[in-house]
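Working through the structure, step by step
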Amino acid sequence: MNDTIAAIATPLAEGAISIIRVSGEQAISIVQSLFDHDLFHRDANTITYGFIKKPNTNTCVDEVLVSLFRMPHSFTGEDVIEINCHGGVFITREILKLVLSQGARLARPGEFSERAFLHGRIDLAQAEAVMDMVKASDSTNAQMAIQGIRGSVQKLLKPLIEEILNIIAVIEVNIDYPEYDDVEIMTTETLLPSIEAWLKNIAMILDKAESGRILKEGIKTAIIGKPNVGKSSLLNALLEEEKAIVTDIEGTTRDIVEGSIHLGGITLHLIDTAGIRKTDDVIEQMGIERSQKAIDEAQLILLIIDASKEMDEQDHILFENTKHKNRLIVYNKSDLADTSRDGISICAANNEIDELLSALQKLYEHHQNVANAPILNNDRQIGLMRSAQKHMEQAKMALLAGMEPNIVELDIQEAYKNLKEILGEYHRDDLLDTLFANFCLGK
Ligand SMILES: Nc1nc2c(ncn2[C@@H]2O[C@H](COP(=O)(O)OP(=O)(O)OP(=O)(O)O)[C@@H](O)[C@H]2O)c(=O)[nH]1
Ligand SMILES: [Mg+2]
């Protein structure tokens, strides 16, 4: 981490401005060697107007604004310079080249954030939230990201980590200093309730995490049904564009057609599939195999049934095949139906799909409430949390089976490690610090 890194921080495309970011011990001196105004004596968090010049010549390269941040109060925790230059692809690259020629190294992707993490400016969950913000495609995602950037995961985990540390500390003191009699003795009776309370909290967090993931990643939604029931018409109505081909010929759609819609904060990733039926057509058969795969992978199925006809054997097969999935039964062609059926009725051909839209909103309404609460929202975080849960469950089972607290401590320590890893920090030292802070041992 001793070298100074540089990179273009904005997309390489024509625009009003581009930013070249430089971080490290030499950041100020490197940029100073290219800049016609004094930076060495400038205060932190200032912007200086001037010109970038080629070193040792007087050739003017660009008119720029130079932002200066001094360690440790910068994004990376190091000295950081940001050069705002004109947003041309050539000129941006040219200035980066000059910076590199003066001794900076080209940064690897994510290296600025990595340094911020290594210098303790942000924890790992915050670093992930920075990426989430860059990738956020709607207000819900942006809202979750800003929570994460402000350290919501750490706040969420802090009480749980403290509780675990306390349990471990008491067990360890019991083991190492049996003669120390003003320390409470950790027995199965005292330990079990704390573990159970802890597990309850974890279960709640994991439950909300599922909503977080749904909000962030969207829902894979497959439109399924017999040929000609109006699947492609529904896709087009939902997307408000003529994306899939619609004809009155059975077996029109042979490949997967995709598109995404936002519905009140939830994103649905829709796939229109080939109508499922018995067929000798090789291409159609391949399409049907893809439809089957789409059913397996989908998180939500919209099973489309032609409301103008009686349900036949093929409808019933699909009905049975999708029973175990999260699904909505949708009756299309309501304009041709004599009797209205229980359930969601639409007329895709005329874009009359309000009943379906409100059913979808209702289905995912409860997830939206978590957007403003601290939540875990990626696989890494959720995986580690599950692992912590597993270890604590094991500790609980062992205690119930009559094991001594000092035997189950290993599992409890693993759970602690998992939680700390969510934030990207695991040090045995923390344990020792708590031990000494709480008990003033080892004088
Ligand atoms: N009257 C009426 N016709 C509809 C409706 N929705 C679709 N259709 C017609 O039904 C026919 C089939 O529609 P598609 O959307 O291609 O059906 P599909 O389920 O995608 O069919 P495949 O791709 O062959 O599996 C077309 O002629 C549509 O115009 C509707 O709500 N009412
Ligand atoms: Mg179709």
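Criteria and cut-off values
Residues numbered from 1 in each chain as written. Chains lettered and ligands numbered in written order. Predicted model: local features only at pLDDT ≥ 70, side-chain atom pairs only at ≥ 80, totals over all residues. Near = placed C-beta within 6 Å. Helix = DSSP H or I, 4+ residues; strand = E, 2+ residues; numbered from the N terminus. Nonpolar A, V, L, I, M, F, W, Y, C, P; charged D, E, K, R; others polar. Pairing = 2+ DSSP bridges. Contact = placed C-beta atoms within 7 Å. Axes fitted to C-alpha atoms, helices over the stretch in contact; angles between N-to-C directions. Parallel < 35°, antiparallel > 145°, perpendicular 65-115°, else oblique. Left-handed = near helix turned anticlockwise from the far one by under 90°. pLDDT = per-residue confidence, 0-100.

Around ligand 1, a shell composed of 24 residues is seen, among which Gly230, Ser232, Thr253, Gly275 and Ala349 lie nearest. Looking at the shell around ligand 1, the element that brings in the most residues is helix α8 (residues 231-239), giving three residues. The class makeup of the residues in the shell around ligand 1 is eight nonpolar, eleven polar and five charged.

The next thing to look at is the sheet that holds strand β11 (residues 327-332). Overall, mixed pairing links the six strands, which are arranged β8-β9-β7-β10-β11-β12 in an open sheet. Of all the strands in the sheet, the pair left with one neighbour each is β8 (257-263) and β12 (344-345). Sheet analysis places strand β7 (residues 219-225) next to strand β10 (residues 300-306), joined by five bridges and oriented parallel. Looking at β10, one finds that Gly225 is bridged to Ile304. Packed on one face of the sheet, α8 meets β7, β8, β9 (266-272), β10 and β11 and runs near 40° to β8. Helix α9 (residues 282-297) contacts β7, β9 and β10 of the sheet and is inclined by roughly 135° relative to β7.

Before going further, it helps to examine the packing of helix α4 (residues 124-135) against helix α5 (residues 139-149). At a closest axis distance of 8 Å, the pairing of α4 and α5 adopts a crossing angle of 155°. Between α4 and α5, the crossing angle belongs to the class labelled roughly antiparallel. When you trace α4 past α5, the crossing you get is left-handed. For the pair formed by α4 and α5, the contact residues are Ala125, Gln126, Glu128, Ala129, Val130, Asp132 and Met133 on the first element and Asn141, Ala142, Met144, Ala145, Ile146, Gly148 and Ile149 on the second. For the contact of α4 with α5, a count of residues per class yields nine nonpolar, three polar and two charged.

Quick look at the environment of Asn406 now. Here Asn406 shows up in helix α13 (residues 405-422). Between the alpha carbons of Asn406 and Ala209 there is a distance of 32 Å; along the sequence they are 197 residues apart. Discounting residues that sit within four places of it in the chain, Asn406 has contacts with Ile171 and Ile175.

It is worth spelling out the confidence of the model for the protein chain at this point. With 93% of its residues at a pLDDT of 70 or more, the protein chain has an overall mean of 88. Note on residues 434-443: pLDDT under 50 across the span, and twelve contacts to partners over four residues away in sequence or across chains.

Turning to the pairing of strand β2 (residues 15-23), a few remarks are in order. As paired strands, strand β1 (residues 5-8) and β2 are joined by four bridges and run antiparallel to one another. Its bridge partner being in β2, Ile8 is matched across the sheet by Ile20. The hairpin turn running from β1 into β2, its antiparallel successor, is six residues long.

In a packed pair of helices, the relevant descriptors are the angle between the two axes and the axis-to-axis distance. In contact at an axis separation of 8 Å, α5 and helix α7 (residues 188-217) are set at 130° when each is read in the N-to-C sense. Relative to α7, the element α5 is oriented oblique. Crossing angle aside, the handedness with which α5 passes α7 is left-handed. Contact with α5, carried on its side by Thr140, Asn141 and Met144, involves Gly212, Leu215 and Lys216 of α7 and no other residues of that element. In terms of residue class, the contact of α5 with α7 is made up of two nonpolar, three polar and one charged.

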